[in-house]
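The primary structure of each chain is shown beneath.
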Amino acid sequence: MQRILLPAAYLPSISWFCALVRGEGVIDVGEHFIKRSERNRARIMTSDGVMELTAQVVRANRPRQPMHTMRLDYSKRWQKQHWGALVAAYKASPYFDYYAPRLERFYQEEYASLVEFNLALIAELCTMLGLTPPPTSETYVVAEEEDLDLRPKTKGPVFVTEPYIQVFADRQPYVGNLSIVDLLFNEGPAAAAILKRCQSAL
């Protein structure tokens, strides 16, 4: 199987999980933190359109910081804001009551680092999807020619899924490649099968 090099993303995108089911994933926590990327940002659908959720980190503007050194900044109460946004956005979705209790605890506990927080979330999301969490590498992984490297900050998704019904379909156009929680809350157990049917966007 093809090796997939993945960033330690926050509430990873649907494309991130599409890649994971297609190859042998490795999460690289030895890379450098990239600002305004999915390492600490996730996109969800709200009644007003797409919203970005940003996990606040300490000294985000300092260049070339290793991911594993990034500390979370709890002074801005972003956990409460994120959970409130998730509830408002998805409380009317078909599977919110099923999955929400398994995610809420991540917004009630404090994690020392961004990597620790993201990896714990990824492990839980993989369990929800019936997937095995990928291994991590503490040192930077040098990409080989045959690898699929998802670590660079790209403009668009590498994979796309078939459209599915989103919560605010009556007032907002369909938006693909949101956080995986959008697919889970809307499609529940069918989410894993949808990921396996994803198509390359390249």
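Please read all numbers here as calculations on a predicted model, not as lab measurements.

Cut-offs and rules
Residues numbered from 1 in each chain as written. Predicted model: local features only at pLDDT ≥ 70, side-chain atom pairs only at ≥ 80, totals over all residues. Heavy atoms only, no water. Pairing = 2+ DSSP bridges. Helix = DSSP H or I, 4+ residues; strand = E, 2+ residues; numbered from the N terminus. Contact = heavy atoms within 4.5 Å. Axes fitted to C-alpha atoms, helices over the stretch in contact; angles between N-to-C directions. Left-handed = near helix turned anticlockwise from the far one by under 90°. Nonpolar A, V, L, I, M, F, W, Y, C, P; charged D, E, K, R; others polar. Phe/Tyr/Trp six-rings, centres within 6.5 Å; stacked < 30°, edge-to-face > 60°. Polar contact = N/O pair within 3.5 Å; in protein donor to acceptor, adjacent residues only side chain to side chain. Buried < 20%, exposed > 50% of the residue type's maximum accessible area, 1.4 Å probe, protein only. Expected span 1.5 Å × (residues − 1).

Draft legend 1. Quick peek at the sheet that holds strand β5 (residues 136–137). Reading across the sheet, the four strands line up as β5-β2-β1-β6 and stay open at both edges, with parallel pairing between neighbours. Taken across any chain shown, the strands that pair with only one partner, and hence form the sheet edges, are β5 and β6 (148–149). Where strand β2 (residues 24–28) lies against β5, two bridges are found, and the strand directions are parallel. Paired with Asp 28 across the bridge in β5 is Ser 137. Strands in contact with helix α1 (residues 14–22) are β1 (3–7) and β2; relative to β1, the strand with the most contacts, it is inclined by about 150°.

Draft legend 2. Representation of the packing of helix α4 (residues 114–129) against helix α5 (residues 180–187). It is at 12 Å that the axes of α4 and α5 come closest, and there the two elements cross at 35°. With respect to the hand of their crossing, α4 and α5 are arranged in left-handed fashion. Counting all contacts with α4, which are made through Leu 125, Met 128 and Leu 129, the residues of α5 involved are Ile 180, Val 181 and Leu 184. For the contact of α4 with α5, the residue count by class is six nonpolar, no polar and no charged.

Draft legend 3. Representation of the packing of aromatic side chains. Within the structure shown, the criterion is met by 13 aromatic pairs. Among the aromatic residues, ring-to-ring pairing joins Tyr 10, Tyr 74, Trp 78, Trp 83, Tyr 90, Phe 96, Phe 106, Tyr 107, Tyr 111, Phe 117 and Phe 185 into one connected group.

Draft legend 4. Looking closely at the environment of Arg 102. Checked against the element boundaries, Arg 102 lands in helix α3 (residues 96–104). Residues Arg 102 and Leu 6 lie 96 residues apart in sequence; the distance between their C-alpha atoms is 24 Å. Those residues within four positions of Arg 102 in sequence are excluded, and the remaining contacts are Glu 124, Thr 127 and Met 128. At a separation of 3.0 Å, a polar atom in the side chain of Arg 102 contacts the side chain of Glu 124.

Draft legend 5. Representation of the pairing of strand β3 (residues 41–46). Across six bridges, β3 lies against strand β4 (residues 49–54) in antiparallel orientation. Each residue of the ladder has a partner; that of Thr 46, found in β4, is Gly 49. Connecting β3 to the next strand, β4, in antiparallel fashion are two residues.

Draft legend 6. Focus on unusual backbone geometry. Even without being glycine, Leu 11 reaches a positive phi, approximately 40°. Under the relative-accessibility criterion, Leu 11 is labelled buried at 3%. The backbone of Asn 177 sits at a positive phi, close to 55°, despite the residue not being glycine.

Draft legend 7. α4, seen in detail. Given a rise of 1.5 Å per residue, 16 residues ought to cover 22 Å, and the 22 Å separating the end C-alpha atoms of α4 matches this to within 8%. Within α4, the full set of buried residues consists of Leu 114, Val 115, Phe 117, Asn 118, Leu 121, Ile 122, Glu 124, Leu 125, Cys 126, Met 128 and Leu 129. Tucked inside the fold, the buried residues of α4 contact α1, β2, α2 (78–90), α3, α5 and α6 (191–196). Following α4 by one or two positions, Gly 130 has its phi on the positive side, about 75°.

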